[in-house]
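# Close look at the chain arrangement
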Amino acid sequence: MRNKKLIFVIISSIFCLCICMILSVAYGVKSVGIHDIWDAILGMDTDKFEVSIVAARIPRTVFGVLGGAALAVSGALMQSITRNPIADPSILGVNTGASLFVVCGMAFFHISTGNQYIWLTFIGASVTSLFVYGLASAGHGGVTPIKLAMSGAAAATALQALVNTIMLPNSQVMDQFRFWQVGSISGADWSDIRLIIPYLIVGFVISFSLASSLNTLALGDDAATGLGMNVTYIRALAAFAGVLLCASTTALAGPIGFVGLMVPHLVRLLLGPDMRKILPLSAVVGSCVLLLSDVAGRILGRPGELESGIVTALVGAPVFIFIIRKVKVRAL
């Protein structure tokens, strides 16, 4: 019975992802037909206006698939290592640390390329995560989920104050940063995808290889240690993978909320706490959520568009509140 349910959920999720990808290339300020999509994929009638629109949207769709998967898996990792079902990458100050380094790069080094954004977000997120982890490990009892969450919240508050201090006096930096900070996958092209792919591959490989270890870690630190696991190493490696996935996507798309928070929670309600199921399915569902949010932003914002980060916040917050009020949260 459980295998049938798992197979059904997997097939349904993949089918939904295919539908979302079709919607992503078909709908927007200018909608196109299925035959135009096929022509663009097959390289036919490339001079046709509708086909050129599809060709321009395909990189955006692919980036949405990769970014949604990365954010969702990153959220699942953060929830697992903190044993908190409503945690997301920001629990370790990842987004705020990345934002601080990006705004510093804009203000003092005039960064402009995607590779520069990736390195700055990764360094900022990594340094912040290490600081938060070190802060949480201080004192009696070492690192605990509560201390980790509290340290992350305190660091995020302090770093946001620094972001505002650097950004507000400079109107040019403020204009540049505020558009990045909203979060959007618009403007993505094949060069962005080629740039982000190596980082995502490393993050996904580490994440999926840690699935069994994270299941053991869910038993508690004492039990995991008793079974011969190096708890500190596993938690640090999972945090590294989560930071890498989140920072890589955030560098090019900006900080997009809700995906890493909500998607693993929904998957856990469907399939239980097994990380071997949660991680890959979260990747698929996360892609669906980000693509649907991007399409909704294009349709609702006609003749312009709403950034996907705005849509995820508008739709995700009330849905998340409804679920945690109506559905019993499974323990991690």
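Quick note: structure is the one above.
Rules of the game
What you see as residue numbers is a count from 1 along each chain, following the sequence as written. Whole-chain, interface and lining totals are the exception, using all residues; otherwise, since this is a predicted model, local features are given only for residues with pLDDT of at least 70 and side-chain atom pairs are given and counted only at 80 or more. For side-chain calculations, the full set of non-hydrogen atoms in the structure is used, while hydrogens and water are omitted. We count a stretch as a helix when DSSP gives it H or I for four or more residues in a row; a strand needs E for two or more, and each element gets its number in order from the N terminus. Within these notes, the globule rule equals 2.2 Å times the number of residues to the 0.38 power, and the radius of gyration is based on C-alpha atoms. Only protein chains enter the area calculation, which uses a 1.4 Å probe; residues under 20% of their type maximum are buried, those over 50% are exposed, and those in between are partly exposed. Contact definition: two residues touch when any of their heavy atoms are within 4.5 Å. Residue burial considers only the protein chains on display, and all accessible areas are found by Shrake-Rupley using a 1.4 Å probe. Charge assignment: positive for Lys and Arg, negative for Asp and Glu; neither His nor the chain ends contribute. Working definition for charges: the position is that of NZ of Lys, CZ of Arg, CG of Asp or CD of Glu. Orientation is described by lines fitted to C-alpha atoms, with helices fitted over the stretch in contact, and by angles between N-to-C directions that extend from 0 to 180 degrees. The labels follow the angle: roughly parallel below 35 degrees, roughly antiparallel above 145, roughly perpendicular from 65 to 115, and oblique for the rest. Helix crossings get a hand from a simple test, with the near helix turned counterclockwise from the far one by less than a right angle marking a left-handed crossing and a clockwise turn marking a right-handed one. Ten residues, namely Ala, Val, Leu, Ile, Met, Phe, Trp, Tyr, Cys and Pro, are considered nonpolar, four, namely Asp, Glu, Lys and Arg, are considered charged, and the remaining ones, Gly among them, are considered polar. Helix span, expected: 1.5 Å multiplied by one less than the number of residues in the helix. In this description, a nonpolar core means a group of buried Ala, Val, Leu, Ile, Met, Phe, Trp, Tyr and Cys residues linked to one another through side-chain atoms lying within 4.5 Å. Any pair of nitrogen or oxygen atoms within 3.5 Å is treated as a polar contact; in protein, a donor-acceptor pairing is required on top of that, and neighbouring residues in sequence qualify only through side-chain atoms on both sides. In this analysis, rings of Phe, Tyr and Trp, with Trp reduced to its six-membered ring, are considered paired at centre separations within 6.5 Å, and the interplanar angle assigns stacked below 30 degrees, edge-to-face beyond 60, and tilted for intermediate values. Each salt bridge in this description consists of a side-chain nitrogen of Lys or Arg and a carboxyl oxygen of Asp or Glu lying within 4 Å of one another.

### Some points on the overall build of the protein
For the protein, the count of helices and strands is 14 helices and zero strands. Going from N to C terminus, the protein has its helices and strands arranged as α-α-α-α-α-α-α-α-α-α-α-α-α-α. Scaling as 2.2 N^0.38, a compact globule of 332 residues should have a C-alpha radius of gyration of about 20 Å, and the protein matches this with 20 Å. Taking the principal axes of the C-alpha coordinates as reference, the protein spans close to 65 × 60 × 35 Å. Considering the protein as a whole, with its 332 residues, one finds that 52% of them fall into the buried category. The contacts of the protein with a sequence gap of at least 6 include a subset with a gap of at least 24, amounting to 75%. Here the protein has roughly 15400 Å² of accessible surface; of this, 69% comes from carbon and sulfur atoms. Charge separation in the protein, taken as the distance between the mean sites of 21 positive and 15 negative side-chain charges, equals 15 Å.

### Quick notes on the packing of helix α3 (residues 49–82) against helix α13 (residues 275–300)
When two helices pack together, their arrangement is given by the angle between their axes and by how far apart the axes lie. Relative to each other, α3 and α13 sit at 135°, their axes nearing to 7 Å. It follows from the interaxial angle that α3 and α13 lie oblique. As α3 packs across α13, the resulting crossing turns out to be right-handed. Across the contact of α3 with α13, the residue classes break down as 12 nonpolar, eight polar and four charged.

### Quick notes on helix α1 (residues 2–26)
Taking 1.5 Å per residue, 25 residues should reach 36 Å; α1 reaches 36 Å between its end C-alpha atoms and fits that length. Within α1, the full set of buried residues consists of V9, S13, L17, C20, S24, V25 and A26. Buried-residue contacts for α1 involve α2 (34–42), α3, α12 (259–271) and α13.

### Considerations on the nonpolar core
If you look at the biggest cluster of nonpolar residues, it comprises 78 residues, and the most contacted ones within it are L77, L92, M106, F177 and L214. Looking at this core, the element that brings in the most residues is helix α11 (residues 231–253), giving 12 residues. Here L214 is in contact with L77, S80, I81, I234, A238 and M275, once residues within four sequence places are set aside.

### Some remarks on helix α7 (residues 171–182)
End to end, α7 covers 17 Å across 12 residues, agreeing with the expected 16 Å (1.5 Å per residue, within 8%). Measuring from the backbone nitrogen of Q172 back to the side-chain oxygen at the start of α7 gives 3.1 Å, which picks out N170 as the cap. Trailing α7 by a residue or two, G183 shows a phi angle of about 90°, which is positive.

### So, the packing of aromatic side chains
Tallying each qualifying case throughout the model produces four aromatic pairs. Judged by centre distance (6.0 Å) and plane angle (85°), the ring pair of F122 and F240 falls under edge-to-face. With F122 in helix α5 (residues 114–137) and F240 in helix α11, the pair connects residues that are 118 residues apart, well separated along the chain. Relative accessible area serves as the criterion here: at 33%, F240 is assigned to the partly exposed category. Here F204 and F208 contribute two aromatic rings whose centre-to-centre distance is 5.9 Å and whose plane-to-plane angle is 10°, an arrangement assigned as stacked. Residue F204 and its partner F208 are both found in helix α8 (residues 190–209); the two are separated by four residues, about one turn of the helix. Here F208 falls in the partly exposed class, since its relative accessible area comes to 37%.

### A few points about the pattern of salt bridges
Evaluated as defined, the whole model comprises seven salt bridges. D294 is the partner of R60 in a salt bridge, and the nearest nitrogen-oxygen pair spans 2.7 Å. Taken as a pair, R60 in helix α3 and D294 in helix α13 lie far apart in primary sequence, 234 residues in all. Per residue, the accessibility class of R60 equals that of D294, and both read buried. The partner of R60 in a salt bridge is E305, with the nearest N and O atoms 2.8 Å apart. Placement of R60 in helix α3 and of E305 in the loop between α13 and α14 (308–326) is noted, with a sequence separation of 245 residues between them.

Interpretation note: all reported values are geometric properties and have no functional meaning in isolation.
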